[in-house]
Amino acid sequence: MRKILVLVALICFSYIGTQAQTLDEVLGQYYKATNMEKLVKVNTFYEKMKMTMMGMEMPMEIQMKRPNKFRTETEVMGKKIISAFDGENGWMINPMAGGKVSELKGDELKQAMSQADMEGELYNYAQKGHTAELIGKVNTDGKAAYKIKLTDAGGTVKNYFIDASTYLILKMKTKVEAQGQTINVTTNFKEYKDIDGVKMPGKMEIETPMGNQVIEIEEIKFNVSIDNSVFARPAE
């Protein structure tokens, strides 16, 4: 009898544990932990940061505006590399490559479009044309985490690892095309901060075969005034 009761108890615990690990449950806890309810009401977003790579420090600024506008500026050796998406088209100015305005295409355009997603691609993923699958609970750098495989509308696969305790994203792994090669990229999200009630990472460590990068967030502002002209392609 006792063995039967123990078996029934184990089955029940297994069932409850499985139910707690559904995709909707994990994502719901993630939305709650980050306060996605407040973030979706943010209309504009400004972020100032510092990127360190190969011993060099490069100031960066990001500006975003709903519904899907994005602009980033990175200062390299006193010159600014600008990348932007105006909601329909992407463009770039790279002084290291002549300094002329060029159109973003292929993977560069896909990356710009994904960056224009203020809440991130896990939020309302199906409405954005993505698919997601909960792979299960795994160990990530000594922490229990839920692994979610997301395939975006363009077919790019990204594996997210959500802390099983805090329900904040620990890391994301994907493959990107760079200089004619497919490379593995791992982004580690650290030092989360409370920004007007929204949890956001204060530091990101990016690992690639070509070298690592560290991005440290210096300032984040919500609902600042940003004119649409900021995202428009300049005349040549």
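For the structure itself, consult the block above.
Note that this is a predicted model, so its numbers are computed, not measured.

Caption draft 1: Summary view of the nonpolar core. Judged by nonpolar contacts, the single largest core of 48 residues is most densely connected at Leu27, Tyr30, Leu122, Ile148, Ile162 and Phe222. Here this core takes 5 residues from helix α2 (residues 23-34), the largest share from any one element. Contacts of Ile148, omitting those with residues within four sequence positions, involve Leu23, Val26, Leu27, Leu122, Ala132, Glu133, Leu134, Lys158, Asn159, Tyr160 and Ile162. Listed in part, the 5 residues of the second largest apolar core include Ile82, Trp91, Ile93 and Val101.

Caption draft 2: Here's a closer look at the environment of Phe222. Following the sequence through the fold, Phe222 ends up in strand β13 (residues 213-222). Residue class for Phe222 comes out buried when judged on its relative accessible area of 12%. Separated by 168 residues in sequence, Phe222 and Met54 place their C-alpha atoms 31 Å apart.

Caption draft 3: Molecular detail of the environment of Gln127. Topologically, Gln127 is positioned in the loop between α4 (106-115) and β7 (131-140). Sequence separation between Gln127 and Pro201 is 74 residues; the distance between their C-alpha atoms is 25 Å.

Caption draft 4: Broad picture of the pairing of strand β1 (residues 44-53). Both β1 and strand β2 (residues 56-65) contribute to a ladder of 10 bridges, which runs antiparallel. Residue Met51 lies in a different strand from β2, and its bridge partner there is Met58. Pairing of β1 with β13 involves 9 bridges; the strand directions are antiparallel. Bridged to Thr52 within β13 is Val214.

Caption draft 5: Structural context of the pattern of salt bridges. Inspection of the entire model under this criterion finds 12 salt bridges. Here Glu73 makes a salt bridge to Lys80, at a shortest N to O gap of 3.2 Å. Ionic contacts of the salt-bridge type, sharing partners, join the residues Lys50, Glu57 and Glu216 into one network.

Caption draft 6: Just the layout of surface pockets, in detail. A volume near 170 Å³ is recorded for the second largest pocket. What lines the second largest pocket is a set of 14 residues, and nearest its centre among them are Lys143, Asp163, Leu170, Phe189 and Lys190. When contributions to the lining of the second largest pocket are tallied by element, the ones reaching two or more residues are β10 (169-178) and β11 (181-195). No other element matches β11, which puts 5 residues into the lining of the second largest pocket. Each residue belonging to the lining of the second largest pocket can be placed in one class, and the counts come to 5 nonpolar, 3 polar and 6 charged.

Caption draft 7: Summary view of the packing of aromatic side chains. Applying the stated criterion across every chain, the model contains 4 aromatic pairs. Note on Tyr30 and Tyr31: the rings are 5.7 Å apart at their centroids and 50 degrees apart in plane angle, and the pair reads as tilted. The same class applies to Tyr30 as to Tyr31, namely buried. Relative to Tyr167, the ring of Tyr146 has its centre 5.9 Å away and its plane inclined at 20 degrees; by these criteria the two rings are stacked. In this pair, Tyr146 is assigned in strand β8 (residues 143-151) and Tyr167 in the loop between β9 (157-163) and β10, connecting sequence segments 21 residues apart. This pair shows no difference in class: Tyr146 is buried, exactly as Tyr167 is. Through successive ring pairs, a cluster of aromatic residues spans Tyr30, Tyr31 and Tyr123.

Calculation rules
- Residues numbered from 1 in each chain as written.
- Predicted model: local features only at pLDDT ≥ 70, side-chain atom pairs only at ≥ 80, totals over all residues.
- Heavy atoms only, no water.
- Core = buried A, V, L, I, M, F, W, Y, C linked by side-chain atoms within 4.5 Å.
- Buried < 20%, exposed > 50% of the residue type's maximum accessible area, 1.4 Å probe, protein only.
- Helix = DSSP H or I, 4+ residues; strand = E, 2+ residues; numbered from the N terminus.
- Contact = heavy atoms within 4.5 Å.
- Pairing = 2+ DSSP bridges.
- Salt bridge = Lys/Arg side-chain N within 4 Å of Asp/Glu carboxyl O.
- 1 Å grid on protein atoms, 1.4 Å probe; cavity = no way out; pocket = protein on both sides within 12 Å on 5 of 7 lines; lining within 4 Å.
- Points joined across faces, edges and corners; volume = space filled by probe spheres on them.
- Nonpolar A, V, L, I, M, F, W, Y, C, P; charged D, E, K, R; others polar.
- Phe/Tyr/Trp six-rings, centres within 6.5 Å; stacked < 30°, edge-to-face > 60°.

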